[in-house]
Amino acid sequence: MSEATRVLLDESRIPRAWYNIVPDLPAPPPPPLHPGTREPVGPEDLAPLFPMDLIAQEVSAERFVAIPDAVRDVYRLWRPTPLIRARRLERALGTPARIYYKYEGGSPAGSHKPNTAVPQAYYNAQQGIRRLTTETGAGQWGSSLAFACAQFGLECEIWMVRASYDQKPHRRSLMQVYGATVHASPSPVTKAGSAILAENPDSPGSLGIAISEAVEVAGGADDTRYALGSVLNHVLMHQTVIGEEALEQLAAFGETPDLIIGCTGGGSNFAGLTFPFIREKLAGRISPEIRAVEPAACPSFTRGRYAYDFGDTAGFTPLLKMHTLGHGFVPDPIHAGGLRYHGMSPLLSHMYELGMFQAVAKGQRECFEAGVRFARTEGIVPAPEPTHALAEAISEALRCKETGEEKVILTALCGHGHFDLNAYDRYLSGAMEDFELPQDRIEEALATLPGV
Ligand SMILES: *Cc1c(COP(=O)(O)O)cnc(C)c1O
């Protein structure tokens, strides 16, 4: 085992291909269905929303997809990202476990999301598209796509969940600095938004509503397409640059992982970190346990149902077979905005059903406690989302302290929390709440499943 604290790779080690896990699975995931006919969707159904290259990636049976040079060129701005051993955190915990984190917060937008925003903008620009629309919750995805659009000369129009729009004005500013137009969602500029506002003028919004708005606008204009920051197969595949680099870096540390932990909103950073390791596990070379951590306020894996549901609130998207809390579910206003989606990646949902990883749920106070502990030892203030993974890594490291086990724990520190200091203020002042999620609220939302 190496004495190093950080393993950095040369630019030439930026991966040359994304890894598609689908052909390596024992069975393929169930297909998305057309919301009207309930038949599997074809490329022509998706063409109004996505460029052809991304549709091809969504259904690809190739294990590796080459990363275009123009995309690798933008990746060079921050990739390869460092893999860091959390020696100071280990020491503070007094654990024999060794904790490694892959830090994605050094990207322009401060998270892993530009890993997919850049190729999405690139393929749209290649097809002659002029404008992209999207939704954003906490603003991480919106700022990533706004940055990527600026790289390829695309316009970018973003629907930002009202609650975040009001709470996080600086994420909005960042999107505008990159040149994007930002609407608070629900907005009066779409039919979906107007309908919600007519019912509830004070609606705090939700990701599902904002998706409906962005999809509506993209579907109605020939020169416009839609971009999604998580959930879909091609998004998860783009994020595998994280795991490919981490495989090489962990090997340079002289380590093999015993446990890999990631936070899950729609599943993209978790998939990006774990898929290359799962490939190695399926090949029999390593045997780590793999664990997803979700918020107790939005527990799609641990308390949702595995069923076909809409990706958005209005029911415009294809039906996706996934772990869902129901497309009408609006989670309590926890600070990890990126983890407040009612559904989960269909690919990860399928793998969870196959027993390929575990999932646990955590309340936000435990997570912020871990975030503060991490900041005071390792120096990086984590975004609220990865504090979920850190909280699990810390409780596992404390278990190792009891048993004396020298477990090698790997996690993705998928973003920094510099725009989330309000949330840290609330934690530090004692004002942060943990929300109970009663079963009848889940049942009520699940009652609206389309019943396929
Ligand atoms: C968006 C976001 C998430 C949640 O999305 P995933 O697709 O599950 O990764 C987690 N962490 C950060 C920092 C994010 O920006």
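Residues numbered from 1 in each chain as written. Predicted model: local features only at pLDDT ≥ 70, side-chain atom pairs only at ≥ 80, totals over all residues. Heavy atoms only, no water.

As recorded by an unreviewed UniProt entry, the protein chain carries the name Tryptophan synthase beta chain and is attributed to Thermocatellispora tengchongensis. In its Subunit (unreviewed entry) section, the UniProt entry covering the protein chain states "Tetramer of two alpha and two beta chains." The protein chain has a UniProt comment under Sequence similarities (unreviewed entry) that states "Belongs to the TrpB family." (UniProt positions renumbered as here; feature names shortened; annotations may be inferred.)

Student: With reference to specific residues and values, describe the pattern of salt bridges.
Tutor: Under the criterion given, the structure shown has 28 salt bridges. Notably, a salt bridge pairs Glu255 with Arg98, separated by 2.5 Å at the nearest N-O pair. Here the residue Glu255 occupies a position in the loop between helix 12 (240-252) and strand 10 (259-263), and Arg98 occupies one in strand 5 (residues 98-103), the gap between them amounting to 157 residues. The residues Glu255 and Arg98 share a single accessibility class, namely buried. With a closest N to O distance of 3.6 Å, Asp434 and Arg365 form a salt bridge. Pair noted here: Asp434 is in the loop between helix 18 (421-428) and helix 19 (439-446) and Arg365 is in helix 16 (residues 364-378), with a separation of 69 residues, a long-range link. By sharing partners, the salt bridges in this structure join Glu289, Arg291, Lys362, Glu366, Glu392, Glu396, Arg399 and Lys407 into a single network. (Salt bridge = Lys/Arg side-chain N within 4 Å of Asp/Glu carboxyl O. Helix = DSSP H or I, 4+ residues; strand = E, 2+ residues; numbered from the N terminus. Buried < 20%, exposed > 50% of the residue type's maximum accessible area, 1.4 Å probe, protein only.)

Student: How would you explain the nonpolar core if you had to name every residue and give the values?
Tutor: Among the nonpolar cores identified, the biggest contains 34 residues, and Ile21, Phe275, Leu347, Leu348, Met351, Phe357 and Leu410 are the most heavily contacted of them. Of all the elements in the fold, those that place two or more residues in this core are helix 12, helix 13 (268-282), strand 11 (289-295), helix 15 (346-353) and strand 15 (408-413). No other element matches helix 13, which puts 6 residues into this core. Here this core spans two domains, and each of domain 1 (15-68 + 115-233) and domain 2 (80-110 + 235-446) adds at least three residues to it. When neighbours within four sequence positions are excluded, Phe275 is seen to be in contact with Tyr19, Ile21, Leu236, Thr240, Leu347, Leu348 and Met351. Counting 31 residues, the second-largest nonpolar core is a separate cluster that includes Val71, Ala121, Ile158 and Met160. (Core = buried A, V, L, I, M, F, W, Y, C linked by side-chain atoms within 4.5 Å. Domains from an automatic or database assignment. Contact = heavy atoms within 4.5 Å.)

Student: Just give me the short version of the packing of aromatic side chains, but keep the residues and values in it.
Tutor: Within the structure shown, the criterion is met by 15 aromatic pairs. Between the aromatic rings of Phe368 and Tyr424, the centroid separation amounts to 5.0 Å while the plane-to-plane angle is 70 degrees, which identifies the pairing as edge-to-face. Pair noted here: Phe368 is in helix 16 and Tyr424 is in helix 18, with a separation of 56 residues, a long-range link. Residue class for Phe368 comes out buried when judged on its relative accessible area of 1%. An aromatic cluster is built from Tyr75, Trp78, Phe147 and Tyr178, whose rings are joined through pairwise contacts. It is Arg172 that lies over the ring of Tyr165; its NZ or CZ is 5.3 Å from the centre. (Phe/Tyr/Trp six-rings, centres within 6.5 Å; stacked < 30°, edge-to-face > 60°. Lys NZ or Arg CZ within 6 Å of the ring centre and 35° of its normal.)

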